[in-house]
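# Structural features, examined
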Amino acid sequence: MPGLGVKAGMGRMINAPFHALDLCLAVIVLGLAGWMMENAIGTGSPFVGFGGNAATPWLSVFSLIAGMVTIASVITSLHHVRVWTPASGAAAQAASWIAWFLLVLPFCLAWKEIQIGGRSARFRCLEGFVITLTFTKFFSTLALYVEEAKETSTTAGKHEAPPTGPGAAPAV
């Protein structure tokens, strides 16, 4: 894109790997939380019966919600990396912050599950992925914010001089 310069290239190089990692982690979280939910619904028993504890149903529900919102946020962020405009940056930042705030709830529930104990290996795996996704989403959100802030601060107050010379439009 004309006029983007080195800043957009550097921002893309910094942000794209974060969002790719977030996408992979969110898909894994959705798969594990979906398995938990499907298993509980299919057997007709609560989560405690197959290796969970009292926090497990809540962790699975909120992980599914946060995972879907995170995937929507990553799609918005990848679109911003592709076009790199101020409007797409604002949308990507807003979606990213919303996804991160929604991830904090399953993050806290994962820590509660760890504290309670008595869960299977798949539940421990989901807890680990939720905790990791929460941290990587926070860093990718900060990367979006910092790149936009740097770009805004370097271009603030700089105005192009009006064209002069032959063929320039007269000032009105």
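Cut-offs and rules
- Residues numbered from 1 in each chain as written.
- Predicted model: local features only at pLDDT ≥ 70, side-chain atom pairs only at ≥ 80, totals over all residues.
- Heavy atoms only, no water.
- Axes fitted to C-alpha atoms, helices over the stretch in contact; angles between N-to-C directions.
- Helix = DSSP H or I, 4+ residues; strand = E, 2+ residues; numbered from the N terminus.
- Parallel < 35°, antiparallel > 145°, perpendicular 65-115°, else oblique.
- Left-handed = near helix turned anticlockwise from the far one by under 90°.
- Nonpolar A, V, L, I, M, F, W, Y, C, P; charged D, E, K, R; others polar.
- Expected span 1.5 Å × (residues − 1).
- UniProt positions renumbered as here; feature names shortened; annotations may be inferred.
- Core = buried A, V, L, I, M, F, W, Y, C linked by side-chain atoms within 4.5 Å.
- Buried < 20%, exposed > 50% of the residue type's maximum accessible area, 1.4 Å probe, protein only.
- Contact = heavy atoms within 4.5 Å.
- Salt bridge = Lys/Arg side-chain N within 4 Å of Asp/Glu carboxyl O.

## So, the packing of helix H2 (residues 56-83) against helix H3 (residues 86-116)
Across the interface, H2 lies against H3 with an axial gap of 8 Å and an inter-helix angle of 155°. Considering their axes alone, H2 and H3 lie roughly antiparallel with respect to each other. Both H2 and H3 take part in a crossing whose hand is left-handed. When its residues are assigned to classes, the contact of H2 with H3 shows 17 nonpolar, 11 polar and 1 charged.

## Regarding H2
For H2, which comprises 28 residues, the first-to-last C-alpha distance of 40 Å matches the rise-based estimate of 40 Å (1.5 Å per residue) to within 8%. Two residues or fewer past H2, Trp84 is found with a positive phi of approximately 50°.

## Overview of the UniProt feature "transmembrane region" (unreviewed entry) in the chain
Here the UniProt feature "transmembrane region" (unreviewed entry) sits at residues 20-37, 58-78, 90-111 and 123-146. A distance of 26 Å separates the end C-alpha atoms of residues 20-37, which is 100% helix and 0% strand. Between the C-alpha atoms that bound residues 90-111 the distance is 32 Å, and the span itself is 100% helix and 0% strand.

## With respect to the nonpolar core
In terms of nonpolar packing, the biggest core is built from 19 residues, with Val29, Leu59, Leu126 and Leu133 touching the most fellow members. Elements supplying a minimum of two residues to this core: helix H1 (5-43), H2, H3 and helix H4 (121-155). Broken down by element, this core gets its largest block of residues, 7 residues, from H1. In contact with Leu133, not counting residues within four places along its chain, are Asp22, Leu25, Ala26, Val29, Thr70 and Leu103.

## Some words on the pattern of salt bridges
A side chain of one charge can pair with a side chain of the opposite charge if their charged atoms are brought near each other. Counted by the stated rule, this structure contains 1 salt bridge. Among the ionic pairs, Lys137 bridges to Asp22, the shortest N-O distance being 4.0 Å. A residue pair is termed long-range when its members are at least 10 positions apart, and Lys137 in helix H4 and Asp22 in helix H1 qualify at 115 residues.

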